[in-house]
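So you can see what is in the structure, the chains are spelled out below.
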Amino acid sequence: IGAFADQKGDNLAKKFFDLPESKDSSSKATMTIIDSTKEKKTREMEIFNKKDFKKDAVDSFTRFIEPADVKNTKFLVIGSKEGDDDQRLYLPALGKTRKISSSSKDGKFVGSDIFYYDLENRYFEDYTYTFKEENVSITDSPAFKDMKFAVVEQVAKDKNAPYSKTITWQNMKDNFIYKTEAYDKSGALWKTLYVLRTQIIDGIIIGTDTLVVNHKDNSKTRLELKDVKINSGISSDIFSVQNLEK
């Protein structure tokens, strides 16, 4: 049964990775961070993505607009299929750019529950897959009440991955992943990610409301996208170190 489970896991994962993608996308976003004392921090930003079909990777650029303490903080990802993505964070208070090293991928992105690792490009080849079960319901959120899911375990091949494994809930109708559990190296549940709302634009499924629950820190981060535009012809100049530092 083991080989069968692996084959079925591979087939399901392939369907997710083969979902149509946009050439580029842009959106405004609101990030809400709720810490263990229930204190809320809100950040407004704009996000740009562009697929480089030559290297089969996505470049992304994020700029924080408010509040004042994060305004003009910028984050650039130059995607790479051959190794680690090149991630750089520009901090306006210091007037300098910090390169995110592969050993600090479990660092928190602007104090949120999203790690730098979570913001990297992901490919089918990055994991080994094991099919667990299908026709399963997600019972811990009402957002998924009419959906049935296939459950697949993924183990990253990257030694710097902060997680020992992730478990995904993939909708059996549209093959999109709506829930992911991430486990730490000791096997304890670390984070649960939910895509609570999606938007379909030109046949492309876009997660527009994502919630990350951090079980270790008893904190949550919600990322809500609005004004989503795809295939609008975003200039490649946005995705450059020059743009990061100007």
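Remember, predicted model here, so these are calculated numbers, not experimental data.

S.K.: Help me understand the overall build of the protein in this model?
M.R.: Tallying secondary structure elements over the protein gives two helices and 13 strands in all. A compact globule built from 246 residues would reach a C-alpha radius of gyration of about 18 Å, and the protein, at 18 Å, matches this within 12%. The principal-axis extent of the C-alpha atoms belonging to the protein is close to 55 × 45 × 35 Å. Sorting the 246 residues of the protein into buried and exposed places 45% on the buried side. Summarising the internal contacts of the protein: among those between residues at least 6 apart in sequence, 46% fall at separations of at least 24. For the protein, the exposed area adds up to about 12900 Å²; of that, 51% sits on carbon and sulfur atoms. Of the side-chain charges in the protein, 41 are positive and 40 negative, and the distance between the mean point of each set is 2 Å.

S.K.: Help me out: how do you make sense of unusual backbone geometry in this one?
M.R.: Excluding glycine, residues mostly carry a negative phi; peptide bonds, for their part, are mostly trans. Residue Pro-67 is bonded to the preceding Glu-66 through a cis peptide linkage, with omega at 5 degrees. Along the polypeptide, Pro-67 turns up in the loop between strand S3 (57-66) and strand S4 (74-78). Phi at Asn-135 takes a positive value of approximately 55 degrees, unusual for a residue other than glycine. With respect to the secondary-structure elements, Asn-135 resides in strand S7 (residues 127-136). In this structure Asn-135 comes out as exposed when scored by relative accessible area, which is 52%. Even without a glycine there, the phi angle at Asn-231 is positive, about 50 degrees. With respect to the secondary-structure elements, Asn-231 resides in the loop between strand S13 (219-230) and helix H2 (241-245).

S.K.: Help me understand the environment of Ala-150 in this model?
M.R.: Examined against the element boundaries, Ala-150 turns out to sit in strand S8 (residues 149-156). Through-space distance from the C-alpha of Ala-150 to that of Gln-170 is 5.2 Å; in sequence the pair is 20 residues apart. With residues near it in sequence (within four places) discarded, Ala-150 still touches Leu-12, Glu-133, Glu-134, Thr-168, Trp-169, Gln-170 and Met-172.

S.K.: How should I be thinking about the pattern of salt bridges in this particular structure?
M.R.: Think of it this way: side chains of opposite charge can pair up when their charged atoms draw near. By the definition in use, this model includes 23 salt bridges. With its nearest N and O atoms 3.7 Å apart, the salt bridge here joins Lys-132 to Glu-153. Taken together, the positions of Lys-132 in strand S7 and Glu-153 in strand S8 put the pair 21 residues apart, joining distant regions of the chain. The partly exposed category is assigned to Lys-132, whose relative accessible area is 44%.

Calculation rules
Per chain, residue numbering runs from 1 following the sequence as it is written. Reporting in this predicted model follows two pLDDT cut-offs: at least 70 for local features of residues, and 80 or more for side-chain atom pairs to be given and counted; totals over whole chains, interfaces and linings ignore these cut-offs and use all residues. For side-chain calculations, the full set of non-hydrogen atoms in the structure is used, while hydrogens and water are omitted. Secondary structure elements are taken from DSSP: a helix is a run of H or I of four residues or more, a strand is a run of E of two residues or more, and numbering for both begins at the N terminus. Taken over C-alpha atoms, the radius of gyration is set against a globule rule of 2.2 Å times the number of residues to the power 0.38. Any residue under 20% of the maximum accessible area for its type is buried, any over 50% is exposed, and the rest in between are partly exposed; the area is computed with a 1.4 Å probe on protein chains only. For this analysis, residues touch if any pair of their heavy atoms sits within 4.5 Å. A 1.4 Å probe and the Shrake-Rupley method give the accessible areas. Residues count as covered only by the protein chains that appear here. In this tally, Asp and Glu contribute negative charge and Lys and Arg positive charge; neither His nor the terminal groups of the chain are included. Charge placement uses NZ in Lys and CZ in Arg. For Asp and Glu, CG and CD serve respectively. What makes a salt bridge here is a side-chain nitrogen of Lys or Arg within 4 Å of a carboxyl oxygen of Asp or Glu, nothing more.

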